[in-house]
Amino acid sequence: MGVCGCGKSTVAAHLTERYGLKYAEADDFHPQANIDKMAAGIPLTDEDRWPWLDTLASWIDERVAAGESAVVTCSALKKVYRDKLRRPGVVFVYMQGTFDEVMERLSHREGHFMKPSMLQSQFDILEEPGDDEVHVNVHIGLADPDQEAMAVAGALNL
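Residues numbered from 1 in each chain as written. Predicted model: local features only at pLDDT ≥ 70, side-chain atom pairs only at ≥ 80, totals over all residues. Heavy atoms only, no water.

*Asks:* Can you explain the overall build of the protein? Please cite residues and give values.
*Replies:* Summing up its helical and strand segments, the protein has 7 helices and 4 strands in all. A compact globule built from 158 residues should have a C-alpha radius of gyration of about 15 Å, and the protein, at 15 Å, falls within 12% of that. Out of the 158 residues in the protein, the part that is buried amounts to 40%. By sequence separation, contacts in the protein at least 24 residues apart represent 75% of the contacts at least 6 residues apart. Of the roughly 8,100 Å² of accessible surface on the protein, 51% is carried by carbon and sulfur atoms. (Helix = DSSP H or I, 4+ residues; strand = E, 2+ residues; numbered from the N terminus. Rg over C-alpha atoms; globule rule 2.2 N^0.38 Å. Buried < 20%, exposed > 50% of the residue type's maximum accessible area, 1.4 Å probe, protein only. Contact = heavy atoms within 4.5 Å. Areas by Shrake-Rupley, 256 points an atom, 1.4 Å probe, with all protein chains shown as cover.)

*Asks:* Quick one: what's the story with the nonpolar core, residue by residue and with numbers?
*Replies:* Among soluble globular proteins, nonpolar side chains are generally buried collectively. Core analysis: the largest hydrophobic core is formed by 37 residues, its most contacted members being Val3, Leu15, Cys74, Leu85 and Met95. Going through the elements one at a time, helix H1 (8-19), helix H3 (46-66), helix H4 (79-85), strand S3 (92-96), helix H5 (99-106), strand S4 (135-139) and helix H7 (145-155) are the ones with two or more residues in this core. Considering each element in turn, this core owes the most residues, 6 residues, to H3. Those residues in contact with leucine 85 that sit more than four places away from it in its chain are Leu53, Leu56, Ala57, Ile60, Cys74, Ala76, Val90 and Phe92. (Core = buried A, V, L, I, M, F, W, Y, C linked by side-chain atoms within 4.5 Å.)

*Asks:* Give me the packing of aromatic side chains: which residues, what numbers.
*Replies:* On inspection of all chains with the given rule, the structure shows 2 aromatic pairs. Judged by centre distance (5.6 Å) and plane angle (80°), the ring pair of tryptophan 50 and tyrosine 81 falls under edge-to-face. Linking tryptophan 50 in helix H3 with tyrosine 81 in helix H4, this pair joins segments that are 31 residues apart in sequence. Given the relative accessible area of 26%, tryptophan 50 is considered partly exposed. Its relative accessible area of 1% is what places tyrosine 81 among the buried residues. (Phe/Tyr/Trp six-rings, centres within 6.5 Å; stacked < 30°, edge-to-face > 60°.)

*Asks:* Quick rundown of unusual backbone geometry? Include the residues and the values.
*Replies:* When glycine is set aside, most residues are seen to have a negative phi, and most peptide bonds are trans. For alanine 76, which is not glycine, the phi torsion reads 40° and is therefore positive. Assessed through its relative accessible area of 1%, alanine 76 is described here as buried.

*Asks:* Tell me about the pattern of salt bridges, and please be specific about residues and values.
*Replies:* Tallying each qualifying case throughout the model produces 13 salt bridges. For lysine 78, the salt bridge identified is with aspartate 46, shortest N-O distance 3.3 Å. Here aspartate 46 lies in helix H3 and lysine 78 lies in the loop between strand S2 (70-73) and H4, a separation of 32 residues in the sequence. A single network of salt bridges, built from pairs that share partners, joins Lys79, Arg82, Asp83, Arg86, Asp132 and Glu133. (Salt bridge = Lys/Arg side-chain N within 4 Å of Asp/Glu carboxyl O.)

*Asks:* Provide a residue-level description of the side chain of arginine 82, including the pertinent values.
*Replies:* Along the polypeptide, arginine 82 turns up in helix H4. Residues in contact with arginine 82, not counting those within four places in the same chain, are Met1, Ala76, Leu77, Phe92, Glu127, Glu128, Pro129 and Glu133.

*Asks:* Residues and numbers for the environment of valine 152, please.
*Replies:* Within the secondary structure layout, valine 152 lies in helix H7. When the C-alpha atoms of valine 152 and alanine 12 are compared, they prove to be 9.5 Å apart, with 140 residues separating the residues in sequence. With residues near it in sequence (within four places) discarded, valine 152 still touches Val11, Leu15, Val93 and Val138.

In structure tokens form, the structure reads like this:
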């Protein structure tokens, strides 16, 4: 979890490749209306997110029911969004970074519907995971995504 451009998908790709985990990119679950809205530079509302989160939660339920380990990349910026996705065995990995660190990464990303101009809106609503949430923090200042993935793997005992 974390703001756009923090490296969720890149780290997930390293983890799924190394450990053979099932993988879902939450962006793929957005309805076209959400994608169009973000592509136009309009932040999503909670009302836009609920059906998207419900669909993603169903995918997680399927993995849990099948006993499959999986990685899901999702912004999950508010606690209430994480509450919607929380299940026994789910651990949130918070890809934590400053605005400047994330903007540096985001400025090099191409072909994504999320515009760099929307980064501030994500930081504005971000609620960092609290002590009452099962999570690990990984600071994105590590040298490269492979090292970040190894930090996640270590924290999750993979």
